[in-house]
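Report on the structure
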Amino acid sequence: LEHYTKAIALSSVADQHVPRANRAAVYLELKQYDAALQDCDAVLQEHPNHAKALYRRGLAHQALSDFDRALADFQRLKVADAGQSGFADAQIDKVQELR
């Protein structure tokens, strides 16, 4: 976490998407879902189709029981990265079961 935070501080805004997306993964592991959302939102402002940020934001929304937003992110992931379509479908099915 500390290394990603340092990398973000040393990067220009345009280059922060990689360490922010990776730090979001750490926040998810730590169950700090609001912090994960903030990092994903920042990435998606600059890179609206960033697959990892969409996926991780979807997971954070799911953990917070915000199923509509989780579904929206996983559906957007399918469009943003066709290679992740099967994986996104699995997450969509999971969220729909939780609803």
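Notes on the structure in this doc start here. (Residues numbered from 1 in each chain as written. Predicted model: local features only at pLDDT ≥ 70, side-chain atom pairs only at ≥ 80, totals over all residues. Heavy atoms only, no water.)

Attention now moves to the nonpolar core. In this structure, Ala-36, Ala-53 and Ala-60 are the most contacted members of the largest nonpolar core, which totals 15 residues. Listed by contribution, the elements that provide at least two residues to this core are helix H2 (17-29), helix H3 (33-46) and helix H4 (51-63). Sequence-distant contacts of Ala-60, defined by excluding residues within four places in its chain, comprise Leu-28, Tyr-33, Ala-36 and Leu-37. Counting residues in hydrophobic clusters, the runner-up holds six residues, among them Ala-70, Phe-74, Ile-92 and Val-95. (Core = buried A, V, L, I, M, F, W, Y, C linked by side-chain atoms within 4.5 Å. Buried < 20%, exposed > 50% of the residue type's maximum accessible area, 1.4 Å probe, protein only. Helix = DSSP H or I, 4+ residues; strand = E, 2+ residues; numbered from the N terminus. Contact = heavy atoms within 4.5 Å.)

Attention now goes to unusual backbone geometry. Notably, Lys-31 is not glycine yet its phi reads approximately 60°, a positive angle. Looking at the secondary structure, you find Lys-31 in the loop between H2 and H3. Judged by its relative accessible area of 60%, Lys-31 is exposed. Within the chain, Ser-65 stands out as a residue other than glycine whose phi angle is a positive 60°.

Take the packing of H4 against helix H5 (residues 67-80) next. When two helices pack together, their arrangement is captured by the angle between the axes and the distance separating the axes. Following both chains from N to C, one finds H4 and H5 inclined at 160°, their axes separated by 8 Å at the closest point. By the criterion of interaxial angle, the relationship of H4 to H5 is roughly antiparallel. In this structure, H4 meets H5 at a crossing whose hand is left-handed. For the pair formed by H4 and H5, the contact residues are Ala-51, Leu-54, Tyr-55, Arg-57, Gly-58, Leu-59, His-61 and Gln-62 on the first element and Phe-67, Arg-69, Ala-70, Asp-73, Phe-74, Arg-76, Leu-77 and Ala-80 on the second. Of the residues belonging to the contact of H4 with H5, the class tally is nine nonpolar, three polar and four charged. (Axes fitted to C-alpha atoms, helices over the stretch in contact; angles between N-to-C directions. Parallel < 35°, antiparallel > 145°, perpendicular 65-115°, else oblique. Left-handed = near helix turned anticlockwise from the far one by under 90°. Nonpolar A, V, L, I, M, F, W, Y, C, P; charged D, E, K, R; others polar.)

Right, let's get into the environment of Leu-44. For Leu-44, the position within the fold is in helix H3. Owing to a relative accessible area of 8%, Leu-44 belongs among the buried residues under this scheme. Along the sequence, Leu-44 and Tyr-4 sit 40 residues apart, while their C-alpha atoms lie 17 Å from each other.

A full pass over the atoms with the stated rule returns seven salt bridges. A salt bridge links Arg-23 to Asp-39; its shortest N-O distance comes to 2.6 Å. In this pair, Arg-23 sits in helix H2 while Asp-39 sits in helix H3, placing the two residues 16 residues apart along the sequence. Residue Arg-23 shares its accessibility class with Asp-39, and that shared class is buried. Residues Asp-89 and Lys-78 are paired through a salt bridge, measuring 2.8 Å at the closest nitrogen-oxygen approach. Residue Asp-89 is located in helix H6 (residues 85-98), and its partner Lys-78 is located in helix H5; the two are separated by eleven residues in the primary sequence. The network of salt bridges with shared partners includes Arg-20, Arg-23 and Asp-39. (Salt bridge = Lys/Arg side-chain N within 4 Å of Asp/Glu carboxyl O.)

Purely geometric numbers; function is a separate question.
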